[in-house]
Amino acid sequence: MSYAPARWLPGPHLMTIFARLAHRPRAFTARTERLELDDGDFLDLDRHGDPDGPTVVVLPGLESSSRVPYVLRMVSAARERGLSVVAVNLRGLSGEPNRLPRRYHSGETGDVAQVVARLVAERPGRPLGLMGFSLGGNIAAKWLGERGDALPPELRAAAVVSVPWDLARCAAAIDAGRGMGWLYRERFLRTLRRRGAEFARRFPGRVDARAVAACRTFAAFDTHFTAPVHGFESAEDYWARSSAARYLAGVRRPLLALASLDDPMVPRAALPLEAARANPRVRFEAYPAGGHVGFVAGLPWRFEFFAEKRAAAFLCEELRR
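This structure is a prediction, so every number in the text was calculated from the model and none was measured.

S.K.: Just to check I follow, could you spell out the overall build of the protein chain for this structure?
M.R.: Within the protein chain, the regular secondary structure consists of 11 helices and 10 strands. Computed over its C-alpha atoms, the radius of gyration of the protein chain comes to 19 Å, within 12% of the 20 Å expected for a compact globule of 321 residues. Overall, the C-alpha framework of the protein chain stretches about 50 × 45 × 40 Å when taken along its three principal axes. A total of 321 residues make up the protein chain; the buried ones form 59% of that total.

So, in structure tokens, the structure goes:
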């Protein structure tokens with residue numbers, strides 16, 4: 001499949017914002033189920049399509065749920081190719097607070113492992129694929145690299161879009177941004193600070209509530225919230241241990257990675273191009289333009305989203321081999 005960026009959306013910012021605000025695809029009726037996790041917490045899953053057919057597990061990005069536009073577009077693209085979808089709400093993102101004093105983060109792969117294990121136990125032998133956007137893509141790629149050949153045989157392939165492969169470089173780029181960079185940063189941090197305040201009220205003493213409320217950069221938030229809540233020594237320790245790039249050599253299932261060289265949140269220096277070339281299981285497609293989880297193509301009155309269609313085509317081919 002070829003990709004020609006929409007000329008009427010010049011620059012990465014228009015592409016990124018349009019993709020976030022564009023109209024949603026037609027509604028699908030999801031079957032919402034709760035997965036009880038081994039540690040006593042839970043995940044809420046939205047299931048679409050035939051439960052017996054090849055199925056794609058979709059992981060959304062930072063502070064996003066199973067109902068955001070790009071996840072629904074992925075559901076639509078997968079269903080058009082006869083694939084079922086399980087869209088995951090990461091911990092704390094389904095609308096109901098989780099039970100334990102922890103949340104999701106970029107390196108938390110244990111939860112997706114339990115989702116896949118549940119699906120394998122339901123129907124052994126059913127082909128499964130994994131799809132991740134941004135933070136969810138980092139989780140997906142990291143899990144593939146961590147597990148290597150130890151993944152369930154049902155997990156046939158994965159596709160990821162706009163992954164922050166090097167978390168330290170990505171945090172630095174977003175924190176240094178001005179103008180639109182400031183807008184992206186503040187949009188995410190406003191939600192993160194609010195959730196951090198709720199966490200502090202529910203679990204007194206776990207974090208410094210004042211420090212979390214004062215965070216104006218990702219480095220500060222990861223220092224005062226992400227690292228202490230999830231057992232990392234520091235933000236730098238969290239970034240180093242959670243960045244998917246360091247695990248790419250261990251990938252043993254077909255992995256399609258889509259990236260944009262003008263991504264305003266993932267600088268070109270963060271893309272693991274050499275590591276991808278060294279692993280024949282990884283197909284890394286880096287396009288000159290596309291923004292962050294954008295990849296809009298077509299005309300203003302007939303536009304489409306390339307990344308979701310490309311991922312669905314790749315996963316359909318791999319799951320039906």
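Read on for the rest.
S.K.: For this particular structure, what's the right way to read unusual backbone geometry?
M.R.: Residues apart from glycine generally show negative phi values, whereas peptide bonds are mostly found in trans. If you check the backbone angles, Val-293 has positive phi at about 50° while not being a glycine. Tracing the backbone shows Val-293 in the loop between β8 (282–287) and β9 (296–299). In this structure, Phe-295 is a non-glycine residue whose phi angle is positive, near 55°. With respect to the helices, strands and loops of the structure, Phe-295 is situated in the loop between β8 and β9.

S.K.: I'm lost on the pairing of strand β3 (residues 55–59) in this one. Help?
M.R.: Working note: regular strand, side chains alternate between the two faces of the sheet. Burial analysis of β3 places five of its five residues in the buried class, which makes it a mostly covered element. Neither face of β3 is left uncovered, since the one carrying Thr-55, Val-57 and Leu-59 and the one carrying Val-56 and Val-58 both have all their residues buried. Pairing analysis gives four bridges linking β3 to strand β4 (residues 84–89), with the strands arranged parallel. Within the sheet, the bridge partner assigned to Val-56 lies in β4 and is Val-85. Running through helix α2 (residues 69–80), the crossover from β3 to the neighbouring parallel element β4 is right-handed. Across five bridges, β3 lies against strand β5 (residues 128–133) in parallel orientation. For Val-57, the partnering residue across the bridge sits in β5 and is Leu-130.

S.K.: Would you mind showing me how to read the side chain of Ser-162 here?
M.R.: Here Ser-162 is to be found in the loop between β6 (155–161) and α5 (167–176). A residue is classified by how much of its surface remains accessible, and Ser-162, at 2% relative accessible area, is buried. A distance of 2.9 Å separates the side chain of Ser-162 from the backbone nitrogen of Val-293, its partner in a polar contact. The contacts of Ser-162, once residues within four sequence positions are left out, are Ser-134, Leu-258, Asp-263, Val-266, Gly-291, His-292, Val-293 and Phe-295.

S.K.: Hey, could you run me through the pairing of strand β1 (residues 31–36) in this one?
M.R.: Strand direction decides the pairing type here: β1 and strand β2 (residues 42–48), joined by six bridges, are antiparallel. Along β2, the bridge assignment pairs Leu-35 with Leu-43. In this antiparallel pair of consecutive strands, β1 and β2, the connection spans five residues, and Gly-40 shows a positive phi of 95°.

S.K.: How should the packing of aromatic side chains be read in this particular structure?
M.R.: Pairs of aromatic rings are described using the distance from one ring centre to the other and the angle between the two planes. On inspection of all chains with the given rule, the structure shows 16 aromatic pairs. Over the ring of Phe-305 we find Arg-73, and its NZ or CZ is 3.6 Å from the ring centre. Sitting over the ring of Phe-188, Arg-187 keeps its end group 4.9 Å from the ring centre.

S.K.: I would appreciate a short explanation of the environment of Asp-50 in the present structure.
M.R.: When you line up the elements, Asp-50 lands in the loop between β2 and β3. Linking Asp-50 and Arg-79, residues 29 residues apart in sequence, is a C-alpha distance of 9.6 Å. Among the polar contacts listed, one links the side chain of Asp-50 to the backbone nitrogen of Asp-52, at a separation of 2.9 Å.

S.K.: I would appreciate a short explanation of empty space enclosed by the protein in the present structure.
M.R.: If a probe the size of a water molecule is rolled over the atoms, the empty space left behind becomes visible. What the rule picks out here adds up to three cavities of 30 Å³ or more. As for the largest cavity, its lining consists of 26 residues, and the residues nearest its centre are Leu-62, Ser-106, Leu-135, Leu-167 and Phe-218. Of all the secondary-structure elements, those providing two or more residues to the lining of the largest cavity are α5, α6 (180–202), α8 (218–230) and α9 (235–242). Ranked by residues supplied to the lining of the largest cavity, first place goes to α8 with six residues. Here the residues of the lining of the largest cavity sort into 17 nonpolar, six polar and three charged. Considering only enclosed or pocket space, the second largest cavity measures out at about 70 Å³ in volume. The wall of the second largest cavity is formed by Leu-43, Leu-59, Val-88, Leu-90, Arg-91, Tyr-104, Glu-108, Asp-111, Val-112, Val-115 and Ile-139. Examining the composition of the lining of the second largest cavity, we find that three residues originate from one element, helix α3 (residues 110–122), more than from any other. When its residues are assigned to classes, the lining of the second largest cavity shows eight nonpolar, no polar and three charged.

The rules behind these values
- Residues numbered from 1 in each chain as written.
- Predicted model: local features only at pLDDT ≥ 70, side-chain atom pairs only at ≥ 80, totals over all residues.
- Heavy atoms only, no water.
- Helix = DSSP H or I, 4+ residues; strand = E, 2+ residues; numbered from the N terminus.
- Rg over C-alpha atoms; globule rule 2.2 N^0.38 Å.
- Buried < 20%, exposed > 50% of the residue type's maximum accessible area, 1.4 Å probe, protein only.
- Pairing = 2+ DSSP bridges.
- Right-handed = clockwise from strand over helix to strand, strands pointing away.
- Polar contact = N/O pair within 3.5 Å; in protein donor to acceptor, adjacent residues only side chain to side chain.
- Contact = heavy atoms within 4.5 Å.
- Phe/Tyr/Trp six-rings, centres within 6.5 Å; stacked < 30°, edge-to-face > 60°.
- Lys NZ or Arg CZ within 6 Å of the ring centre and 35° of its normal.
- 1 Å grid on protein atoms, 1.4 Å probe; cavity = no way out; pocket = protein on both sides within 12 Å on 5 of 7 lines; lining within 4 Å.
- Points joined across faces, edges and corners; volume = space filled by probe spheres on them.
- Nonpolar A, V, L, I, M, F, W, Y, C, P; charged D, E, K, R; others polar.

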